[in-house]
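Observations on chain architecture
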Amino acid sequence: IEKDFEVFHDIRNTMALVQKCADLYINKLPGGDFPEKYRNAPKEIIDLHTALSLVNSQLGMIDVLVNIESISQGQKNYINLYQMFHKLTQLFEYKGTDRDIHVRLRANEAIPNIMAYQSIEFIPIILLDNAVKYSTSHSTIWVDLQKTRSEVIVTVSSIGDLIPEGERTRIFEKYYRSEEARKRTSKGIGMGLWLAKE
């Protein structure tokens, strides 16, 4: 497995160069520090910078596929769940434009920061990617964040073909793709929902 995925380490190095170029461009913009310059950047540059972060996160999934225990490696940090989903809903909105699919975020109240491993960012990436991939054209994907006393409940709702009842528990198995998923697209190897579950 490691041999097969070795090529992605070179891609990650190339991505780091592209990210550095974007950072250098932003640093030339007016503002006192990088966050201020970033806020002053044109929307297209902000979207590019965010998209590069998404690619880096997706490349990070490869490490997890090679070694599943890496999901819980490193330190837990405070993560702003709302900001994480907000950034990703905007990016996945782009992915849906060719089929007129919209992605919208709602929250019932202010969402608190949570303590989590960095790998938590895989969850919105996987859920939103699946939602866009399998949604009906001209539809809206809703991401709802709901704060309760002890947890934050995240719901991603989309309109698409129903998964037959007998297959619903199987979609979280490694390498499993439902019949409807195979009809809809040849892309995917059946790892996303398994990885999200892990």
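Residues numbered from 1 in each chain as written. Predicted model: local features only at pLDDT ≥ 70, side-chain atom pairs only at ≥ 80, totals over all residues. Heavy atoms only, no water.

Some details on the sheet that holds strand S2 (residues 102-107)
Spatially, the 3 strands line up as an open sheet ordered S2-S4-S5, and their pairing is mixed. The open sheet is flanked by S2 and strand S5 (152-157), the only strands paired with a single partner. The mean angle between the axes of side-by-side strands here comes to 15°, regardless of whether they run parallel or antiparallel. Its contacts with the sheet place helix H5 (residues 81-96) against S2, strand S4 (140-147) and S5, and it is angled at close to 165° to S2. (Pairing = 2+ DSSP bridges. Helix = DSSP H or I, 4+ residues; strand = E, 2+ residues; numbered from the N terminus. Axes fitted to C-alpha atoms, helices over the stretch in contact; angles between N-to-C directions. Contact = heavy atoms within 4.5 Å.)

Remarks on helix H6 (residues 122-134)
Since there are 3.6 residues in each turn of an α-helix, residues three or four apart along the chain are aligned in direction. For H6, with 13 residues, the first-to-last C-alpha span of 18 Å sits near the 18 Å given by 1.5 Å per residue. Listing the buried residues of H6 in full gives Phe122, Pro124, Ile125, Ile126, Leu128, Asp129, Asn130, Ala131 and Val132. Contacts made by the buried residues of H6 are with helix H4 (43-66), H5, S2, S4, S5 and helix H8 (192-197). (Expected span 1.5 Å × (residues − 1). Buried < 20%, exposed > 50% of the residue type's maximum accessible area, 1.4 Å probe, protein only.)

A few points about the pattern of salt bridges
By the definition in use, this model includes 6 salt bridges. The residue Asp47 makes a salt bridge to Lys43 at a minimum N-O spacing of 2.8 Å. In this pair, Asp47 and Lys43 both sit in helix H4, 4 residues apart, roughly one turn of the helix. As a salt-bridge pair, Asp144 and Arg106 come within 2.7 Å of each other at their nearest N and O atoms. You can see Asp144 sitting in strand S4 and its partner Arg106 sitting in strand S2, a full 38 residues away along the chain. What you see here is one network of salt bridges that share partners, running through Lys95, Asp129 and Lys133. (Salt bridge = Lys/Arg side-chain N within 4 Å of Asp/Glu carboxyl O.)

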